[in-house]
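Inside the fold
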Amino acid sequence: MNGLEFAFEPSAWELTLDSLTPGGTLPASRFLALMEDQSEDAVQDALAELDEKDVLLDISDLPNLHAGGETALRLRLEEQLVRQGELPQGLEKTDPLRLCLEEIAGLPACGDLALLAEQCRAGEESARSQLAGCMLSMVVQQSCALVGRGVLLMDLIQEGSLGLWQGILLDNGGDIRAQCGRAIARALAKTVTLHAREDGVGQRMRSAMETYRAADQRLLTELGRNPTLEEIALEIHMTADEASMVADMLENARRMERAQSSRQSDSPQPEDSQAVEDTAYFQMRQRIGELLSVLPEADAALLSARFGLDGGKPLSPEEAGRKLGLTSQEVLEREASALALLRNAQ
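Anyway, here's the lowdown on the structure attached to this text. Predicted model only: the values in this text are computed from it and were never measured.

Topic: the overall build of the chain
- Counting its regular elements, the chain contains 17 helices and two strands.
- Relative to its full complement of 346 residues, the chain shows a buried share of 44%.
- Restricting to contacts in the chain with at least 6 residues of sequence separation, those with at least 24 account for 67%.

Right, dumping it as structure tokens:
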């Protein structure tokens, strides 16, 4: 009897990770959206694959997290001390974080990094410990840069130290400082991202993106043009900065989808691979594109620029005006006129 073979359709997150370039970056918002409904085992598998590919999670588009209770007070204290340059002396003398930082500060200055790296490659354990001690200041520096992200400094330093050790163990003969710096950054970004997942940020971000897309589509239909960021923000009761962050997350997601689609062009797309796109919104753009032939060439070019129908990013009235040599008001007036012609032509 022949053995049975089973073929399983890869999930959206597996396809996305497969499409990543080694040594590149992945927006943390995109990772959280992909992994929102996945098990903890799947999350750890995905993080392990990111480590294997040396892919860094970009946490710049994650919202700052606000804990509650005593943790919130501690986080605010740590952020204040870092901003004012009063760490560790601003802490109590018996504070564990102060003791840790003072111990790191008291470690002997590092000698020849290249020589220590060579000794590490030769298998000298004492050299590894010495190298790790010399570079702990890098861990502290990168950890302090992440205050305000909802993770206590002691936790960041501990995770960054693990990343440093991993960087030393995986040394491939290049610039040891650069390699360890990236390994530390990868470990810290992973810690912040996991903390955001525990705090439910992935679900909130997905909800915010869906709300933004729905408002974008609704205003597009009502106004007959791409709404501005400020108009969308007003519609969904966000500040302009909050709406801008959501728009950036959407753009990151779309960019990842385009990269994934180009790499998977010979394979059928899974049903959920377009989860970050609003189908109705893009169907409307496609429908407009099909009708452009009834317009004068200049008006067709204007709509193509505004709606991103040429494959680029949709442009604001100001951006389209700069591209076409028009004022933003002229862009809006000609756009409204062109869209009216399209509606009459249907």
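A look at the environment of Arg206
- As for its position among the elements, Arg206 is in helix H11 (residues 201-223).
- Expressed as a C-alpha distance, the spacing of Arg206 and Arg30, which sit 176 residues apart in the sequence, is 9.4 Å.

Some points on the packing of helix H1 (residues 12-19) against helix H3 (residues 40-52)
- Where H1 contacts H3, the two axes come as close as 10 Å, and the packing angle between them is 5°. The orientation of H1 with respect to H3, classified from their angle, is roughly parallel. On H3, the residues touching Trp13, Leu17 and Asp18 of H1 are Ala42, Asp45, Ala46, Glu49 and Leu50.
- Here the contact of H1 with H3 is built from residues that sort into five nonpolar, no polar and three charged.

Here we look at the packing of helix H2 (residues 28-35) against helix H10 (residues 176-198)
- At a closest axis distance of 10 Å, the pairing of H2 and H10 adopts a crossing angle of 45°. On the basis of the axis angle, H2 is oblique to H10. For the crossing formed where H2 meets H10, the hand is right-handed. Of the residues in H10, those in contact with Ala28, Phe31, Leu32 and Met35 of H2 are Thr193, Ala196 and Arg197.
- Considering only residue class, the contact of H2 with H10 consists of five nonpolar, one polar and one charged.

Focus on the nonpolar core
- One finds Phe31, Leu50, Leu87 and Leu164 to be the most contacted residues of the largest nonpolar core, which totals 57 residues.
- Element by element, the count of residues in this core is highest for H10, at seven residues.
- The residues contacting Leu87, other than those within four sequence positions of it, are Leu81, Val82, Leu97, Leu101, Cys144 and Leu153.
- Of all hydrophobic cores here, the second largest spans 14 residues; its members include Tyr212, Ala233, Ile236 and Leu250.

A closer look at the pattern of salt bridges
- Evaluation of the coordinates by the stated rule reveals 15 salt bridges.
- The partner of Asp51 in a salt bridge is Lys190, with the nearest N and O atoms 2.8 Å apart. On the criterion of sequence distance, the pair formed by Asp51 in helix H3 and Lys190 in helix H10 is long-range, its members being 139 residues apart.
- Residue Lys190 is classed as partly exposed on the basis of its relative accessible area of 21%.
- Note that Glu125 is salt-bridged to Arg128, the shortest N-O span being 3.1 Å. Within this pair, Glu125 and its partner Arg128 are both found in helix H7 (residues 125-134), separated by three residues, close to a single helical turn.
- Several salt bridges converge on common partners, so that one network encompasses Asp51, Asp54, Arg182, Arg186 and Lys190.

The rules behind the values
- Residues numbered from 1 in each chain as written.
- Predicted model: local features only at pLDDT ≥ 70, side-chain atom pairs only at ≥ 80, totals over all residues.
- Heavy atoms only, no water.
- Helix = DSSP H or I, 4+ residues; strand = E, 2+ residues; numbered from the N terminus.
- Buried < 20%, exposed > 50% of the residue type's maximum accessible area, 1.4 Å probe, protein only.
- Contact = heavy atoms within 4.5 Å.
- Axes fitted to C-alpha atoms, helices over the stretch in contact; angles between N-to-C directions.
- Parallel < 35°, antiparallel > 145°, perpendicular 65-115°, else oblique.
- Nonpolar A, V, L, I, M, F, W, Y, C, P; charged D, E, K, R; others polar.
- Left-handed = near helix turned anticlockwise from the far one by under 90°.
- Core = buried A, V, L, I, M, F, W, Y, C linked by side-chain atoms within 4.5 Å.
- Salt bridge = Lys/Arg side-chain N within 4 Å of Asp/Glu carboxyl O.

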